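What follows is each chain in one-letter form.
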Amino acid sequence: EAAEATFLMIVQESTPGIPQSQAGLDPLGFIKWILRLALARAEKLSSLLPERVRVDQSLVEILDLHVQPMAMTRLEDHFDRLTQDPGVVRKFNNEETALRLIFDKYSTVAPTAEAVELLGPTASPR
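Cut-offs used in this document
Residues numbered from 1 in each chain as written. Predicted model: local features only at pLDDT ≥ 70, side-chain atom pairs only at ≥ 80, totals over all residues. Heavy atoms only, no water. Helix = DSSP H or I, 4+ residues; strand = E, 2+ residues; numbered from the N terminus. Buried < 20%, exposed > 50% of the residue type's maximum accessible area, 1.4 Å probe, protein only. Contact = heavy atoms within 4.5 Å. Areas by Shrake-Rupley, 256 points an atom, 1.4 Å probe, with all protein chains shown as cover. Expected span 1.5 Å × (residues − 1). Arc of directions from axis to C-beta. Core = buried A, V, L, I, M, F, W, Y, C linked by side-chain atoms within 4.5 Å. Phe/Tyr/Trp six-rings, centres within 6.5 Å; stacked < 30°, edge-to-face > 60°.

Visitor: What's the story with the overall build of the chain in this structure? I'm lost.
Guide: Each helix and strand in the chain was counted, giving 7 helices and 0 strands. N-terminal to C-terminal, the α/β element order of the chain is α-α-α-α-α-α-α. Residues counted as buried form 17% of the 126 residues belonging to the chain. Counting contacts in the chain only where the partners sit at least 6 residues apart, residues at least 24 apart contribute 22% of the total. For the chain, the accessible surface area stands at approximately 9900 Å², while carbon and sulfur atoms represent 61% of it.

In structure tokens:
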């Protein structure tokens, strides 16, 4: 609860005039959020163990226990699983030439010589 309340407060400070449902944290806002959580945690623990708690220790523990494990994991979603499906990979491999021609036609990257030869001047980037 405290983490969410702190998050919402920083979002509101960082993005005035933008609805909360559309706002998010920039890198500086993220750092502020982590530091405020560490400070709040240290304050809470210091009332229980005043001689053993420091803000820097609290920050290190938050980073070690909550931030780093999530930062090191690869989030997998439906799209990731779909792109690894053997049938999808096989289909893309079978259609590689056509897909390259489509990419060359519509991308802003300079077209390959093959695309220019097959499609003519329409293969040039827009």
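That covers the picture; the talk isn't over yet.
Visitor: Any chance you could explain helix H1 (residues 2-14) here in plain terms?
Guide: Every α-helix winds through 3.6 residues per turn, so residues three or four apart in the chain are directed the same way. For H1, spanning 13 residues, the distance from its first C-alpha to its last is 18 Å, which sits close to the expected 18 Å at 1.5 Å a residue. By the burial criterion, the buried members of H1 are Thr 6, Ile 10 and Val 11. Mapping the buried residues of H1 onto a view down its axis gives an arc of 135°, with all of them on the same face. Among the exposed residues of H1, those oriented more than 90 degrees off its buried face are Glu 4 and Gln 12. Those residues of H1 hidden inside the fold are in contact with helix H2 (27-48).

Visitor: What am I meant to see in the environment of Val 55 here?
Guide: Positionally, Val 55 belongs in helix H3 (residues 55-71). Ignoring any residue separated from it by four or fewer positions in sequence, one finds Val 55 in contact with Ala 38, Leu 39 and Ala 42.

Visitor: Is there a simple way to explain the nonpolar core in this structure?
Guide: Soluble globular proteins tend to pack their nonpolar side chains together in the buried interior. Counting 6 residues, the largest nonpolar core consists of Ile 10, Trp 33, Ile 34, Leu 37, Ala 38 and Ile 62. In terms of residue count, H2 provides more of this core than any other element does, 4 residues in total. Dropping the residues within four chain positions of it, Ile 62 is found in contact with Leu 37, Ala 38, Arg 41 and Val 67.

Visitor: What is the right way to look at the packing of aromatic side chains in this model?
Guide: Considering all chains together, one arrives at 2 aromatic pairs under this definition. Each ring, one from Phe 30 and one from Trp 33, has its centre 6.0 Å from the other, and the planes form 50°; the classification is tilted. Of this pair, Phe 30 and Trp 33 are both found in helix H2, 3 residues apart, which corresponds to roughly one turn of the helix. Judged by relative accessible area, Phe 30 falls into the partly exposed class, the value being 36%. For Trp 33, a relative accessible area of 19% corresponds to the buried category. A network of ring pairs unites the aromatic residues Phe 7, Phe 30 and Trp 33 as a single cluster.

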